Amino acid sequence: MTSETLPEKADAVVIGGGVVGAAMLHALVECGLRDVLLIERDQLGSGTTWHSAANIALIDVSTRAFLDFYSYNMELFGRLTAETGQEVGWRRTGRVQMATNDDRVRALKHTQAVARARGVESTWIGPEEIKNRLPILNVDDLIGGLWTPTVGRVNATDFIAALSKSARSRGAVVVENAPVTSIHRSGGAVCAVETARGTVQTTRVINCAGLWAPQIAEMVGVRLPIYANEHFYILTKPFPGVFRDMPSFRDSDGLIYGREDGDGLLLGCFETLAKPIAIEALPKDFAFGLLPEDWDQFEPYMVEAIKRIPALESAEVKMLLNGPESFTPDGRFIAGPVAEVPGFYVLAGMNSAGVNNAAGSSLALAQMILGIPNPTDLSPFSPTRFAPFHSRPSWLRERVSEAPGNLYSIGRVQKEFESGRNLRRSPFHCRLHAAGAVHRAVMGWERPVSVRDLAAEMKTLAEGAGLSDTTSCSRYMIEGAAAEALVTRIFGGLTLQPGECDMGLIQSRAMGVESMMLVDRISADRYVAIGEATRETADALLLRPEATEAVTVREHHSSLAALTLQGPRAVEVIQVLTKASLPEGTSSTHEIGGAEVRIMRHPWTGAVILLMASEYANYVADQLLASSADVQWIGESALEADRIRKAIPRLGRELVASILPTQSGVKSLDRGRFRPALDHGLLRGSVAGRLAGGEPLWANDTCIGFVSSASALVDGRSWFLALTSVVPETVSLDLEGDLLQVDLGESAQAQIA
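Since we're looking at a predicted model, the values are computed, not measured.

**Overview of the overall build of the chain**
Now for step 1: Scanning the chain from N- to C-terminus turns up 17 helices and 43 strands.
Now for step 2: The C-alpha radius of gyration computed for the chain amounts to 27 Å, which stays within 12% of the reference 27 Å derived for 753 residues, consistent with globular compactness.
Now for step 3: For the chain, the spread of C-alpha atoms along the three principal axes comes to 80 × 65 × 50 Å.
Now for step 4: Burial statistics for the chain: of 753 residues in total, 59% are counted as buried.
Now for step 5: The long-range fraction of contacts in the chain, counting pairs at least 24 apart against all pairs at least 6 apart in sequence, stands at 72%.
Now for step 6: Total accessible area on the chain is roughly 29000 Å²; 49% of this is exposed by carbon and sulfur atoms.
Now for step 7: In the chain, the 71 positive side-chain charges and the 88 negative ones have mean positions that sit 2 Å from each other.

**Quick look at unusual backbone geometry**
Now for step 1: You will see that Met443, though not glycine, has its phi angle at about 50°, which is positive.
Now for step 2: Given a relative accessible area of 7%, Met443 falls into the buried group.
Now for step 3: At Ala647, a position not held by glycine, the phi torsion is positive, near 55°.
Now for step 4: Mapped onto the elements of the fold, Ala647 is located in the loop between helix H17 (636-645) and strand E35 (661-668).

**A closer look at the sheet that holds strand E21 (residues 344-348)**
Think of a sheet as strands paired side by side through backbone hydrogen bonds, with each pair either parallel or antiparallel.
Now for step 1: With mixed pairing, six strands are arranged side by side in an open sheet as E9-E2-E1-E13-E21-E20. Of all the strands in the sheet, just strand E9 (173-175) and strand E20 (334-337) have a single pairing partner and so form its edges. When the angles between neighbouring strand axes are averaged without regard to direction, this sheet yields 20°.
Now for step 2: In this structure, strand E1 (residues 12-15) lies alongside strand E13 (residues 205-207), joined through three bridges in parallel fashion.

**Remarks on the pattern of salt bridges**
Now for step 1: Inspection of the entire model under this criterion finds 43 salt bridges.
Now for step 2: The salt bridge partner of Arg308 is Asp251, with a shortest N-O separation of 2.9 Å. Placement of Arg308 in helix H7 (residues 295-308) and of Asp251 in strand E15 (residues 248-251) is noted, with a sequence separation of 57 residues between them. Like Asp251, Arg308 is buried.
Now for step 3: Look at the salt bridges and you will find they share partners, linking Glu532, Glu640, Arg643, Arg650, Arg653 and Glu654 into a network.

**Describing the confidence of the model for the chain**
Now for step 1: For the chain, mean pLDDT is 91; residues scoring 70 or higher make up 94% of the total.
Now for step 2: Counting interchain partners and residues more than four positions distant, the pLDDT-below-50 stretch residues 659-679 has 58 contacts.
Now for step 3: Below pLDDT 50 for its whole length, residues 747-753 participates in 23 contacts with residues either more than four positions away or in separate chains.

**As for the side chain of Ser401**
Now for step 1: Structurally, Ser401 can be placed in the loop between helix H9 (393-400) and helix H10 (403-406).
Now for step 2: For Ser401, a relative accessible area of 9% translates into the label buried.
Now for step 3: At 2.6 Å, the side chain of Ser401 forms a polar contact with the backbone oxygen of Glu398.
Now for step 4: The contact partners of Ser401, leaving out residues within four places of it in the chain, are Asn229, Thr272, Leu273, Ala274 and Pro276.

**Let's talk about the side chain of Ser709**
Now for step 1: Mapped onto the elements, Ser709 comes out in strand E39 (residues 702-710).
Now for step 2: Separated by 3.3 Å, the side chains of Ser709 and Arg653 make a polar contact.

What counts and how
- Residues numbered from 1 in each chain as written.
- Predicted model: local features only at pLDDT ≥ 70, side-chain atom pairs only at ≥ 80, totals over all residues.
- Heavy atoms only, no water.
- Helix = DSSP H or I, 4+ residues; strand = E, 2+ residues; numbered from the N terminus.
- Rg over C-alpha atoms; globule rule 2.2 N^0.38 Å.
- Buried < 20%, exposed > 50% of the residue type's maximum accessible area, 1.4 Å probe, protein only.
- Contact = heavy atoms within 4.5 Å.
- Areas by Shrake-Rupley, 256 points an atom, 1.4 Å probe, with all protein chains shown as cover.
- Lys, Arg positive; Asp, Glu negative; His and termini not counted.
- Charge placed at Lys NZ, Arg CZ, Asp CG, Glu CD.
- Pairing = 2+ DSSP bridges.
- Axes fitted to C-alpha atoms, helices over the stretch in contact; angles between N-to-C directions.
- Salt bridge = Lys/Arg side-chain N within 4 Å of Asp/Glu carboxyl O.
- pLDDT = per-residue confidence, 0-100.
- Polar contact = N/O pair within 3.5 Å; in protein donor to acceptor, adjacent residues only side chain to side chain.

Spelled out as structure tokens, the structure:
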């Protein structure tokens, strides 16, 4: 039973009564909040949850939070039933993920390695054993598969009932048939939610509205990059070979998955190009509805399914279910605070994995909202990872059509999207593209990964001067009488004299590292701050002046181009052109030919960073290349390999908000030396093999950490960095099931203290 009365106020209001909203309600109560309200526009479970396949599986380990979510599911299901008496429909069936090629084998064996490190049972099995477990499958083309015995499925409707029953028994309120009409704000922060059944006062709103989450966000002036795709699965009548509690399966190379459903088969697909559908195209009262069948869209995957399950050809199909599901541009859901609107949070855009990830992500977000320390890093899911263009309907519609198929992409390295490319290009893009450069998209920018052979680029870095296009990094100009005060406040006491530059850390509320930027003081009242491209939106929000500060912060991502010159000849090249003296941590303005250029010497790497107006960019590059044969173009891969070999930490890799400093906090950021007082060590090593990141590290029988950064393969070896709180004498690395001895080299373990 749900409440019929809307309370006048609540400590938190959850909008949306699907599995995510119900899990969010339960998580807030679990964390100690009692006066919590869930508002649902129709009935609990309506929208997309009711037709979910509801598989609980260990699939993606590229972001370790997913393992936290999976482990929490295993603990929660039994506890919920025991506590409430409400079954959740949990059935442990096990799951087989199949491999038909070597790249898929590597990806699955990496999943197995990470699972082992986290204590999750999994086994590599051959085609014969796959056939024994799933007799309906044709295994002739299989190399093997990953068997995970602890996975299974729940009943989504029962799961919602158990979550809401548990929350209501501890004071939470659930109100159905109460569509939200507006969200009120006071001083910018949320203060009330207005519904068709009345208004409730609150200071916390969590948007879990699924397909309708963008519409809810627009009520506070925020655009969310969430768009719906039509999503398909078939349901068959019983046929030979399908049995109750049959293991579920996933054939990623065929883009299909399946499980038993009432002695028949449920078989779905993740299309290479899905069919986007605007939320406005759905009926306004859409709740438990479906979209029309589309056999033309499903046919290619039905063909793959029949190849994998020959008996399916003669099975009777009851229906082709077509239901809308919400997707995001990068295939990860959105979870976290909306910084522009205090008190407004989002947990939505689940990319057809809402039931699998709802409970764990809700718990992590509830802990964040209430300031409770938690081990799960939600930063990969932050709303601030997106720029405004991600939410523009025409771009977003095209991009999300590609998202489902990319979730099944081959190999351990995420497949590059083909849609929405070439949106942002630096002045150097055309010349580098013509020279054969390979680009990848970063925050809409086309960033050169390589220009020449990696070995040649590494040689340039070691012996000459590598020139790289770093225009994709964000750039902010800070100007005004209060510029110094703002920089000091935001960057934790950082002080610079005009002509000095240094790395500035921004601490999170939990005293972890939230952001890091290169800050250059140009004059008494003028600074420039350079940050990671992926943090463009987040850094812009962090750099906002307070209302009383006489300072402006302006973005210059397009008006200023950036080049980086790095290697033993870099300084010499600049000195020949400008006669500049360039000690590390200094900066100055010079002319290169007829162009004015701001030149900084990086305090950690010694690299030379050049900023110039975009119209002068190619002219400056021409001058640099003409100055010496030692100057050659290089790409991001070479820069990354060089960073890792020098054991220089990177934001989002070795510097993350979930790493907590000691009580002394950040001691200092001396030039040429990284010294924040963290309770972790930075381990550098190399192995004979190709790494992709995330590999577990072992000391005897103990997992001591995971690779946080890995370089491309050079001379048969990959270098890596990892965070660990122990200093072992010997370390092994689990590379897709093979334990490799790590070469720690000289000064391989640099204690960060």
